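# Observations on the three-dimensional arrangement
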Amino acid sequence: MFSASTANRAYWDSDADAYHATHPEYLSSFYWCPEMLHESEAQLLGDVSSATVLELGCGSAPCTQWLHGRAEFATGFDLSAGMLSHAEPGLPLVQADAVTLPYCDNAFDAAFSAFGALPFIADLDSALAEVHRVLRPGGRFVFSVPHPMRWVFPDDPDNLTAELPYFDRAYLEHNSEGELTYAEFHRTMGDWLRALQVRGNFEILNLIEPEWPEGLDSTWGQWSPKRGALFPGTAIFVCQATAQASGAPASGMQRREHVS
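Please read these numbers as outputs of a predicted model, since none were measured by experiment.

### What about helix α6 (residues 189-198)?
Taken together, the buried positions of α6 are occupied by Asp191, Trp192, Ala195 and Leu196. Projection of α6 onto a plane perpendicular to its axis shows the buried side chains occupying an angular sector of 110°, all on one side. On its buried face, α6 sits against α5 (124-134), β5 (135-146), β8 (202-208) and β9 (234-241).

Encoded structure:
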């Protein structure tokens, strides 16, 4: 059976061209979410002019590219070579898995992820421990993920009926031979709190649920003005790395399987 990393690497390699053709505006700059919240407006990373910054799951790295010339140093990594192949030439990017980061301890002042890596990792605790390891004490960690409430709705931007259990934890696709071909993992708000602040090594400074902006009429996957008018589609966690690692063991997860 393929691991989640193996399956998702192959999936994003094959989907990279179509993904970039479908979302050109979103991938043109540093947007945190389909609600098109831009870092220049939100300033969630704070003043990075003298900071070293790491992007998790950077894809083609439009966020890292935007940070060049604004941060002292900005770099990123992604699991998929296909996604990285769409990046601007010359950016300091590497191919890597979020659970085994190829960086030294205390190497960065800040780390962030805009819908990258974290929703596709089975072992969230290991990934967060790696982020904490490469951050300096007190370093900022900001990331956006699909809002946990979105899990209960199908991937149809016009569907407003909750159909899926909130407390299931995974969406897994398999091919006809039973091999895993795609994996996405769901965390409830409580899961995120426990992973970050209870078991983990981060203090949650803020939780942002961007409202759908007036005048934005585009649909992005399951995100749409129809849904955005009623409930949040994105959760953005603003965190700070604590000085000491908790050393708490990872906890198991109950999972749901969808076979296709």
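Following the structure, the description resumes.
### Overview of the side chain of Arg150
Tracing the backbone through its elements, the reader meets Arg150 in the loop between β5 and β6 (170-174). Within the structure, the side chain of Arg150 is placed 3.5 Å from the backbone oxygen of Pro232, a separation counted as a polar contact. Look past the residues within four positions of Arg150 in its chain and what remains in contact with it is Gln222, Trp223, Arg227, Gly228, Phe231, Pro232 and Gly233.

### A short note on unusual backbone geometry
A positive phi angle is found at Met36, which is not glycine, with a value near 60°. With respect to the helices, strands and loops of the structure, Met36 is situated in the loop between α1 (4-22) and α2 (39-42). Even without a glycine there, the phi angle at Phe115 is positive, about 60°. Mapping Phe115 onto the fold places it in the loop between β4 (108-114) and α5.

### Some details on the environment of Arg133
Tracing the backbone shows Arg133 in helix α5. Classification of Arg133 as partly exposed rests on a relative accessible area of 23%. C-alpha separation for the pair Arg133 and Phe108, spaced 25 residues apart in sequence, amounts to 9.5 Å. Each residue touching Arg133, except ones within four places of it in the same chain, is listed here: Leu101, Tyr103, Cys104, Asp105 and Asn106.

### As for the pairing of strand β7 (residues 180-185)
In terms of burial, β7 is a largely internal element, five of the six residues being buried. For β6 and β7, the ladder comprises five bridges, and the chain directions are antiparallel. Bridge pairing in β7 places His174 opposite Leu180. Two successive antiparallel strands, β6 and β7, enclose a turn made up of five residues, where Gly178 displays a positive phi of approximately 85°.

### Brief notes about the UniProt feature "domain: Methyltransferase type" (unreviewed entry) in the protein
Taken from the UniProt record, the annotation "domain: Methyltransferase type" (unreviewed entry) applies to residues 54-143. Along residues 54-143 the backbone is 23% helical and 30% strand, and the end-to-end C-alpha distance reaches 12 Å.

### Description of the sheet that holds β9
Judged by pairing direction, the sheet is mixed, and its seven strands sit side by side in the order β3-β2-β1-β4-β5-β9-β8 without closing on themselves. Looking at strand neighbours, the two that pair on one side only are β3 (93-95) and β8, the edges of this open sheet. Each adjacent strand pair in this sheet contributes to an overall mean axis angle of 20°, direction not counted. Of the pairings in the sheet, the one linking strand β1 (residues 52-55) to strand β2 (residues 73-78) comprises four bridges and is parallel in character. Each residue of the ladder has a partner; that of Leu54, found in β2, is Thr75. Taken strand by strand, α6 contacts β5, β8 and β9, and its axis lies near 145° from that of β8.

Cut-offs and rules
- Residues numbered from 1 in each chain as written.
- Predicted model: local features only at pLDDT ≥ 70, side-chain atom pairs only at ≥ 80, totals over all residues.
- Heavy atoms only, no water.
- Buried < 20%, exposed > 50% of the residue type's maximum accessible area, 1.4 Å probe, protein only.
- Helix = DSSP H or I, 4+ residues; strand = E, 2+ residues; numbered from the N terminus.
- Arc of directions from axis to C-beta.
- Contact = heavy atoms within 4.5 Å.
- Polar contact = N/O pair within 3.5 Å; in protein donor to acceptor, adjacent residues only side chain to side chain.
- Pairing = 2+ DSSP bridges.
- UniProt positions renumbered as here; feature names shortened; annotations may be inferred.
- Axes fitted to C-alpha atoms, helices over the stretch in contact; angles between N-to-C directions.

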